[in-house]
Amino acid sequence: MTKRALITGLTGQDGSYLAELLLDKGYHVTGMVRRSSTVNFERIAHIQDDIEIVPGDLLDEMSLRHVLAAARPDEVYNLAAQSFVQTSWQQAVLTGETTALGVTRLLNAVRDAGDDVRFYQASSSEMFGKVVEVPQTERTPFYPRSPYGVAKLYGHWITVNYRESYGMHASSGILFNHESPRRGLEFVTRKISNHVARIKLGLINELRLGDLDPQRDWGFAGDYVEAMWLMLQRDTPSDFVVATGETHSVQEFCELAFKHVGLDWQDHVVQDQRFMRPAEVDLLIGDPSRAADELGWTPRTGFAQLVGMMVEGDLELVARQQRV
Ligand code: GDP
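## As for the nonpolar core
- Leu18, Leu22, Tyr77, Tyr120 and Ile192 are the most contacted members of the largest nonpolar core, which totals 57 residues.
- With nine residues, the single largest contributor to this core is helix α7 (residues 221–233).
- Counting contributing residues per domain, this core is built from domain 1 (4–178 + 218–242) and domain 2 (183–216 + 247–282 + 301–323), each supplying no fewer than three.
- Discounting residues that sit within four places of it in the chain, Leu18 has contacts with Ile7, Tyr77, Leu79, Val225 and Met228.
- Counting 21 residues, the second largest nonpolar core, distinct from the first, contains Leu6, Val54, Leu68 and Leu107.

Shown next, in the form of structure tokens:
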């Protein structure tokens, strides 16, 4: 029997990598896509014909019930969210509606769709925020520092609560930052790699950034979607930290990215107040040992390799854009 999966947030970075992984494994994949006048299918263009796409919105529970009825999934991966931290201060209520209450709406629909549907919730290291211990594990207390982090924390606990209240096979992956050439341009890693490419190709000369000191545990998104899948293959649902266990500053990312193309970051990076945040997360570093022990998952891509891959990706992209 072909296994069936439903992915919300299909057109995002993680949705596109997860869809590739599941198609490779022989799954029938349905992707939920929010209707908008400018839907962006760029990240899934190469697999779009192999995926069933259905319209739905985390703000609208009835639409989720329709999606579930159409997809008839064995596994549901909830990757949809308002996921950019900085925007969450300007759109705190919308962030809560989608990233927090949206999870409850989807869980309600999944619970009513049948006993054997498995559920994955994309939780986030932003829930640790102002970290109370280093490194962070599944047992570390949470202290979110942005409306996004607060909303993700609600999504996390409602997943745990529905597992305990209704016996659902619902798991939550506490994923630390994960990047790729498909990362949105608003995130700092991709902003850096894209600017480095345009600077190298002589199109611009400057990269304006906010705080260079924050440290993140940055992994490769393509590695991380495998952990999501592994969580749903277990007999017992549970929560796992997914991370590299290494941390690097925004400045280190800059240094490596510029060095990759033979430039010095200090000649191009300018600090700009506009990119500073009202509250900052200073040091995220995850301890992925439980995922290693119980899922058999370890990251394959190292930091330098990730930076190189992203800069190469943008060099190709920018050169292509120049030709058309
Ligand atoms: P986040 O961890 O989900 O917030 O991922 P981001 O990539 O958006 O931000 C990572 C860190 O980079 C945060 O601590 C930001 O404050 C810092 N940062 C510094 N300059 C910038 C910038 O220009 N854009 C973004 N997005 N982040 C920046």
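## Things to note about helix α4 (residues 92–113)
- Its 22 residues place the ends of α4 30 Å apart at the C-alpha level, agreeing with the 32 Å of an ideal helix rising 1.5 Å per residue.
- Leu101 marks the point of greatest bend in α4, at about 45°.
- Immediately downstream of α4, the backbone of Gly114 shows phi near 145°, a positive value.

## Details of the packing of helix α1 (residues 13–24) against α7
- Two elements in contact, α1 and α7, have axes whose closest approach is 9 Å; the angle formed by their N-to-C orientations is 65°. In the packing of α1 onto α7, the handedness of the crossing is right-handed. Listed contacts from α7 to Gln13, Asp14, Tyr17, Leu18, Leu21 and Leu22 of α1 are Ala221, Gly222, Val225, Glu226, Met228 and Trp229.
- For the contact of α1 with α7, the residue count by class is eight nonpolar, two polar and two charged.

## Observations concerning the environment of Val67
- If you trace the backbone, Val67 turns up in helix α2 (residues 61–71).
- For Val67, a relative accessible area of 2% gives the class buried.
- Between the C-alpha atom of Val67 and that of Leu263, which follows or precedes it by 196 residues, the distance is 49 Å.
- Each residue touching Val67, except ones within four places of it in the same chain, is listed here: Leu6, Met32, Val54, Pro55 and Gly56.

## With respect to the packing of aromatic side chains
- Per the stated rule, a full pass over the model turns up eleven aromatic pairs.
- Aromatic side chains Tyr224 and Trp297 sit 5.3 Å apart centroid to centroid with 90° between the ring planes, which places their arrangement in the edge-to-face category. Of this pair, Tyr224 sits in helix α7 while Trp297 is found in the loop between α9 (289–295) and α10 (303–323), placing the two residues 73 residues apart along the sequence. For the pair Tyr224 and Trp297, one class covers both residues: buried.
- When the ring centre of Tyr17 is taken as origin, the NZ or CZ atom of Arg182, which lies over that ring, is 4.0 Å away.
- Over the ring of Phe275 we find Lys191; its NZ or CZ atom is 3.2 Å from the centre of that ring.

## A word on the pattern of salt bridges
- As enumerated under the stated definition, the model contains 17 salt bridges in all.
- Residue Asp314 pairs with Arg190 through a salt bridge whose shortest N-O separation is 2.8 Å. Here Asp314 is found in helix α10, whereas its partner Arg190 is found in helix α6 (residues 188–200), with 124 residues between them in sequence. You'll find Asp314 and Arg190 in the same group, each marked buried.

## Description of the site of the ligand
- Close to the ligand lie 18 residues, the nearest being Lys191, Gly210, Arg216, Arg277 and Glu280.
- One nitrogen or oxygen atom from the main chain of Val188 is found 2.8 Å from an oxygen atom belonging to the ligand.
- Burial of the ligand by the surrounding chains reaches 98%, relative to a free accessible area of 540 Å².
- Each residue belonging to the shell around the ligand can be placed in one class, and the counts come to eight nonpolar, two polar and eight charged.
- Split by domain, the shell around the ligand shows at least three residues from each of two domains, domain 1 (4–178 + 218–242) and domain 2 (183–216 + 247–282 + 301–323).

## Regarding the sheet that holds strand β3 (residues 52–55)
- Taken in spatial order, the seven strands of this open sheet run β3-β2-β1-β4-β5-β6-β11, and their pairing is parallel. Since the sheet does not close on itself, it has two edges, and those belong to β3 and β11 (239–242), each with one partner. Mean inter-strand twist for the sheet, computed between neighbouring axes without regard to direction, equals 20°.
- In this structure, strand β2 (residues 28–33) lies alongside β3, joined through four bridges in parallel fashion. The residue of β3 that forms the bridge with Thr30 is Glu52.
- Relative to strand β1 (residues 4–8), α2 is tilted by about 155°, and along the sheet it contacts β1, β2, β3 and β4 (75–78).

## A short note on empty space enclosed by the protein
- Scanning the entire structure with this criterion turns up one cavity of 30 Å³ or more.
- Around the largest cavity sit Val85, Trp89, Glu126, Arg145, Ser146, Arg216, Arg277, Ala279, Glu280 and Val281, which together line it.
- By residue class, the composition of the lining of the largest cavity is four nonpolar, one polar and five charged.
- Looking at which domains feed residues into the lining of the largest cavity, each of domain 1 (4–178 + 218–242) and domain 2 (183–216 + 247–282 + 301–323) supplies at least three.

## Re the domain arrangement of the protein chain
- For the protein chain, the assigned domains read domain 1 (4–178 + 218–242) and domain 2 (183–216 + 247–282 + 301–323).
- Summarising the inter-unit geometry, the C-alpha centres of domain 1 and domain 2 are found 27 Å apart.
- At the interface, 16 residues of domain 1 touch 23 residues of domain 2.
- Here domain 1 and domain 2 share an interface that buries about 1,800 Å² over both sides, 58% of which is from carbon and sulfur atoms.
- For domain 1, the biggest contributors to the area lost against domain 2 are Phe84, Gln86 and Trp218; these three give 41% of the whole.
- Here domain 1 and domain 2 share one salt bridge between them.
- The salt bridge partner of Glu126 is Arg216, with a shortest N-O separation of 3.9 Å.
- Applying the counting criterion to the domain 1 and domain 2 interface returns four residue pairs in polar contact (both at pLDDT 80 or more).

Parameters at a glance
Residues numbered from 1 in each chain as written. Predicted model: local features only at pLDDT ≥ 70, side-chain atom pairs only at ≥ 80, totals over all residues. Heavy atoms only, no water. Core = buried A, V, L, I, M, F, W, Y, C linked by side-chain atoms within 4.5 Å. Buried < 20%, exposed > 50% of the residue type's maximum accessible area, 1.4 Å probe, protein only. Helix = DSSP H or I, 4+ residues; strand = E, 2+ residues; numbered from the N terminus. Domains from an automatic or database assignment. Contact = heavy atoms within 4.5 Å. Expected span 1.5 Å × (residues − 1). Bend = angle between axes of the 7 residues up to and from the residue. Axes fitted to C-alpha atoms, helices over the stretch in contact; angles between N-to-C directions. Left-handed = near helix turned anticlockwise from the far one by under 90°. Nonpolar A, V, L, I, M, F, W, Y, C, P; charged D, E, K, R; others polar. Phe/Tyr/Trp six-rings, centres within 6.5 Å; stacked < 30°, edge-to-face > 60°. Lys NZ or Arg CZ within 6 Å of the ring centre and 35° of its normal. Salt bridge = Lys/Arg side-chain N within 4 Å of Asp/Glu carboxyl O. Near = heavy atom within 4 Å. Polar contact = N/O pair within 3.5 Å; in protein donor to acceptor, adjacent residues only side chain to side chain. Areas by Shrake-Rupley, 256 points an atom, 1.4 Å probe, with all protein chains shown as cover. Pairing = 2+ DSSP bridges. 1 Å grid on protein atoms, 1.4 Å probe; cavity = no way out; pocket = protein on both sides within 12 Å on 5 of 7 lines; lining within 4 Å. Points joined across faces, edges and corners; volume = space filled by probe spheres on them. Buried area = accessible area lost by both parts, 1.4 Å probe.

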